[in-house]
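Letter by letter, the chains look like this.
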Amino acid sequence: MVYRARTVWTPDGPLSDGVVEVGGRRITAVRPARAGDPPARDGMIVAGLVNAHLHLEFSHLARTVPSGLGFFGWVDAFFGVPS
């Protein structure tokens with residue numbers, strides 16, 4: 001699969017009109033676009049750099065689970081799994 005966007009964020013910074021190639025479940029290449037690539041889409045690709053999502057539906061639960069547990073500790077505490 002070839003994904004093209006007006007901006008592709010890399011560890012070195014933004015790549016204008018970039019392409020991310022994916023083979024199987026892995027990114028195989030990140031490169032500037034060239035002739036024959038699909039058209040660029042508006043927006044950007046931020047592949048493998050950040051997990052930039054949130055769950056607003058959990059915001060009412062702020063401070064109900066202690067911090068500093070790490071992800072799996074947080075999940076266990078959230079769902080009431082005894083440690």
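Not measured: the values here are computed from a predicted model.

Chemist: It is not clear to me how the overall build of the chain should be interpreted in this structure. Could you clarify?
Modeler: Helix and strand counts for the chain stand at 1 helix and 4 strands. Going from N to C terminus, the chain has its helices and strands arranged as β-β-β-β-α. For the chain, the C-alpha radius of gyration of 19 Å lies well beyond 12 Å, the compact-globule estimate for 83 residues. Each principal axis of the C-alpha distribution contributes one length, and for the chain these read about 55 × 25 × 20 Å. Scored against the burial criterion, the 83 residues of the chain give a buried share of 17%. Restricting to contacts in the chain with at least 6 residues of sequence separation, those with at least 24 account for 34%. For the chain, the accessible surface area stands at approximately 6700 Å², while carbon and sulfur atoms represent 59% of it.

Chemist: Quick question: what am I supposed to make of the side chain of Asp-37 here?
Modeler: Tracing the backbone through its elements, the reader meets Asp-37 in the loop between β3 (26-32) and β4 (41-45). Judged by its relative accessible area of 15%, Asp-37 is buried. Separated by 2.9 Å, the side chains of Asp-37 and Arg-31 make a polar contact. A distance of 2.8 Å separates a polar side-chain atom of Asp-37 from the backbone nitrogen of Arg-34. In contact with Asp-37, not counting residues within four places along its chain, are Val-2, Arg-4, Val-19, Arg-31 and Pro-32.

Chemist: Would you mind showing me how to read the pairing of strand β1 (residues 2-10) here?
Modeler: Regular strands have side chains that alternate between both faces of the sheet. In terms of strand pairing, β1 meets strand β2 (residues 13-23) through 8 bridges, oriented antiparallel. From the neighbouring strand, Val-2 faces β2, where its bridge partner is Glu-21. In sequence, β1 turns back onto β2 through a hairpin of 2 residues.

Chemist: Even after reading the chapter, I still don't get the sheet that holds β1, so can you show me in this structure?
Modeler: Reading across the sheet, the 4 strands line up as β3-β2-β1-β4 and stay open at both edges, with mixed pairing between neighbours. Each edge of the open sheet is held by one strand with a lone partner, namely β3 and β4. Taken pair by pair, the neighbouring strands of this sheet meet at an average axis angle of 45 degrees, ignoring direction. In the sheet, β2 pairs with β3 via 6 bridges, with the strands oriented antiparallel.

Chemist: I tried to follow the pattern of salt bridges on my own but got confused; where do I start?
Modeler: Side chains that carry opposite charge are capable of pairing whenever their charged atoms lie near each other. All chains considered together, the criterion is met by 4 salt bridges. A salt bridge links Arg-31 to Glu-21, with the nearest nitrogen and oxygen atoms 2.6 Å apart. Remark: Glu-21 occurs in strand β2 and Arg-31 occurs in strand β3; sequence separation between them is 10 residues. Through salt bridges with shared partners, a single ionic network connects Glu-21, Arg-31 and Asp-37.

Rules of the game
- Counting restarts for each chain, with residues numbered from 1 along the sequence as it is written.
- In keeping with the model being predicted, local features are shown solely for residues with a pLDDT of at least 70 and side-chain atom pairs are shown and tallied solely at 80 or more, while totals for entire chains, interfaces and linings include all residues.
- Hydrogens and water molecules were not included; the side-chain quantities draw on all heavy atoms of the structure.
- Helix numbers and strand numbers start at the N terminus; a helix is a DSSP run of H or I with at least 4 residues, a strand a run of E with at least 2.
- We compute the radius of gyration over the C-alpha atoms and compare it with the globule rule, which gives 2.2 Å times the number of residues raised to the power 0.38.
- Under the scheme applied here, a residue whose accessible area is under 20% of the maximum for its type counts as buried, over 50% as exposed, and between as partly exposed, the area being computed with a 1.4 Å probe on protein chains only.
- When checking whether two residues touch, look at their non-hydrogen atoms; a contact exists if any pair is within 4.5 Å.
- Calculation of accessible area relied on Shrake-Rupley with a 1.4 Å probe; when residues are assessed, cover is drawn exclusively from the protein chains displayed.
- Side-chain atoms alone can form a polar contact between residues adjacent in sequence; in general such a contact is a pair of N or O atoms within 3.5 Å, and within protein one must be able to donate a hydrogen while the other accepts it.
- Any two strands between which DSSP finds at least two bridges are classified as paired.
- For helices, the axis comes from a line fit to the C-alpha atoms of the stretch in contact; other axes are also lines fit to C-alpha atoms, and the angle between any two N-to-C directions lies between 0 and 180 degrees.
- Any carboxyl oxygen of Asp or Glu that lies within 4 Å of a side-chain nitrogen of Lys or Arg is treated as forming a salt bridge with it.

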